[in-house]
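Residue-level structural notes
The residues making up each chain are set out below.
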Amino acid sequence: MSGAATKPVETSSPAGAAPETAAAMPTFGEALRVWLKVGLLSFGGPAGQIALLHREVVDDRRWVSDARFLHALNFCTLLPGPEAQQLATYLGWLLHGVRGGVAAGVLFVLPGMVVMLGLSILYATLGEVPVVSALFFGLKCAVLVLVVEALLRVARRALKTNAAWALAAAAFVALYAFGVPFPVVVLAAALIGYFAPGAFKGGSHGEAKDGPPAVLDAVLAADPGRPARLAAKAWRAGWIGVALWLLPVVLLMASGAGIFADVAWFFSKMAVVTVGGAYAVLAYVAQEAVQGYGWLSPDQMLVGLGLAETTPGPLILVLQFVGFLAGYGQGGLAWGVLAAVLTVWVTFAPCFAFIFLGAPYVERLHSNRELTSALAAVTAAVVGVIANLALWFGLRVLFADVHRVEVGPVTLDMPVLGSLDPLALALAALAAMCLFRLKLGLLPTLGTTAAVGLVAKLALG
């Protein structure tokens, strides 16, 4: 246990018996320090963030058992949105009710949001400075390799049956060749998994381990009515979260607020289709924000993903960068900041609502065979989605010219081979060597590639 103060929890006893202290729960202040630490150090995407949460609340402090942690994680993977942030919210709720969930979820996002806003302002105001442009060039070459690494990681976890492989391939073809919208692909995959529960196997984050009794489990064992008491407040908080999410969207759209209405509506849609993580939805975001709204260029989309990779917090904060550039392009810096804050609001407010509304039903959801299979099918389809994203990014990082070829109902993005950028190819190869061969990790890989890109760009003039 941490050396910080803990709070004895009195639990109910049989009639006529005096209350007894069952376990020493962490104080709210102690939990706040842990959630802030997690928010500041949550680099490396969802896998690294989940590992950090596990180390803090399971291994180091034994607030939660490994089995309960994995149970909560399984529930969070059923939801749209960043699963690591929602897992933190769920654990905070279990420990200290609604205020604990809000604190854990907000602190998970806040440090990354502040850093991302600063980097967005830097890019928008100084992005054309040669030194800054050269740094970002190396960064986006490394991002391509990071997307490929994410593809391999998810594929290893998700593609465990022939049906899963077939579904992943079908999702890729639907997106790349036929332009099927991302939400349609996710919905179709979920329905296939739901009605064919024997065809898919969910990936695992690990098996529960035996160990000394965790604080929360001891409290729940002595006080089994605790979840029911938390449930009523959770449901109320969930519906408040829904109102706080949708009310600004409705008001902005009804008032014809231009770019802010577009941002609120677009990113609210993203909030409910981000099943499978940020990488899975980025192809859809890029398609709509780049080609549909014209808020930013493909290169800028790559820069945003690179910035999100270098900051703590959920990778989905890349949407904040997109929202900032949307506002910045319409009204300058002040509009960019407002649009960025609005983007974060409509992206994460639903996450709290989903947790508070769904947490009381977690046991029923966790034991439902059809829902588990639907999640596994969606995860398999996400492999195809990420493959499409990797191809989309790769073509635009490595080639200066990409054109669209239409053959009947099929539309393909094809590169002009003569426009291959040798420096981009070399930097991507360097990033691959750092990440896969030398095992340098996320930040050293990004730093090395950005530094080499800076030197090479400046040397070549």
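Keep in mind it's a predicted model, so treat the numbers as computed, not measured. (Residues numbered from 1 in each chain as written. Predicted model: local features only at pLDDT ≥ 70, side-chain atom pairs only at ≥ 80, totals over all residues. Heavy atoms only, no water.)

1. Examining the overall build of the protein
Along the backbone of the protein there are 18 helices and four strands. Put simply, 72% of the contacts in the protein that link residues at least 6 apart link residues at least 24 apart. Accessible surface, the protein: about 19500 Å² in total, of which carbon and sulfur atoms supply 67%. (Helix = DSSP H or I, 4+ residues; strand = E, 2+ residues; numbered from the N terminus. Contact = heavy atoms within 4.5 Å. Areas by Shrake-Rupley, 256 points an atom, 1.4 Å probe, with all protein chains shown as cover.)

2. Things to note about helix 12 (residues 298–310)
Compared with the 18 Å implied by 1.5 Å per residue over 13 residues, the 19 Å span of helix 12 between its first and last C-alpha is a close match. Among all positions of helix 12, only Met301, Leu302, Val303, Gly304, Leu305, Gly306, Leu307, Ala308 and Glu309 are buried. (Expected span 1.5 Å × (residues − 1). Buried < 20%, exposed > 50% of the residue type's maximum accessible area, 1.4 Å probe, protein only.)

3. Side note on the nonpolar core
Counting 105 residues, the largest nonpolar core has Phe267, Met270, Val285, Trp295, Leu296, Met301 and Phe393 as its most contacted members. No other element matches the 16 residues that helix 16 (residues 369–398) contributes to this core. Ignoring anything within four residues of it in the chain, the contact list for Leu296 reads Ala289, Val290, Met301, Phe321, Val322 and Leu325. Counting 43 residues, the second largest nonpolar core, distinct from the first, contains Val58, Leu95, Val219 and Phe352. (Core = buried A, V, L, I, M, F, W, Y, C linked by side-chain atoms within 4.5 Å.)

4. Considerations on the packing of aromatic side chains
Summed over all chains, the structure comprises 13 aromatic pairs. Between the aromatic rings of Trp392 and Phe393, the centroid separation amounts to 5.2 Å while the plane-to-plane angle is 55 degrees, which identifies the pairing as tilted. In this structure Trp392 comes out as buried when scored by relative accessible area, which is 10%. Since its relative accessible area comes to 0%, Phe393 is described here as buried. Connected via pairs of aromatic rings, a cluster forms that spans Phe266, Phe267, Tyr293 and Trp295. When the ring centre of Phe28 is taken as reference, the NZ or CZ atom of Arg99 above it lies at 4.0 Å. The ring of Phe137 carries the charged tip of Lys457 above its face, separated from the ring centre by 4.3 Å. (Phe/Tyr/Trp six-rings, centres within 6.5 Å; stacked < 30°, edge-to-face > 60°. Lys NZ or Arg CZ within 6 Å of the ring centre and 35° of its normal.)

5. Brief notes about the packing of helix 5 (residues 130–158) against helix 17 (residues 422–437)
For the pair helix 5 and helix 17, the least separation of the axes is 8 Å and the interaxial angle reads 50 degrees. Taken together, the axis directions place helix 5 and helix 17 in an arrangement best described as oblique. The two elements helix 5 and helix 17 meet at a crossing, and its hand is right-handed. Judged by residue contacts, Phe137, Gly138, Cys141, Ala142, Leu144, Val145, Leu146, Glu149 and Leu152 of helix 5 engage Leu423, Ala424, Leu427, Ala428, Ala431, Ala432, Leu435 and Phe436 from helix 17. (Axes fitted to C-alpha atoms, helices over the stretch in contact; angles between N-to-C directions. Parallel < 35°, antiparallel > 145°, perpendicular 65-115°, else oblique. Left-handed = near helix turned anticlockwise from the far one by under 90°.)

6. Focus on the environment of Pro422
Along the polypeptide, Pro422 turns up in helix 17. Sequence separation of Pro422 and Phe399 is 23 residues, and the distance between their C-alpha atoms is 9.1 Å.

7. Section: the pairing of strand 3 (residues 402–407)
Counting buried positions along strand 3 gives zero out of six residues, so the element sits mostly on the surface. By the bridge criterion, six bridges tie strand 3 to strand 4 (residues 410–415) in an arrangement that is antiparallel. Counterpart to Val402 in the pairing with strand 4 is Pro415. A loop of two residues connects strand 3 with strand 4, the two strands running antiparallel in sequence, and Gly408 in this loop sits at a positive phi of about 65 degrees. (Pairing = 2+ DSSP bridges.)

So yeah, pure geometry; function would need other evidence.
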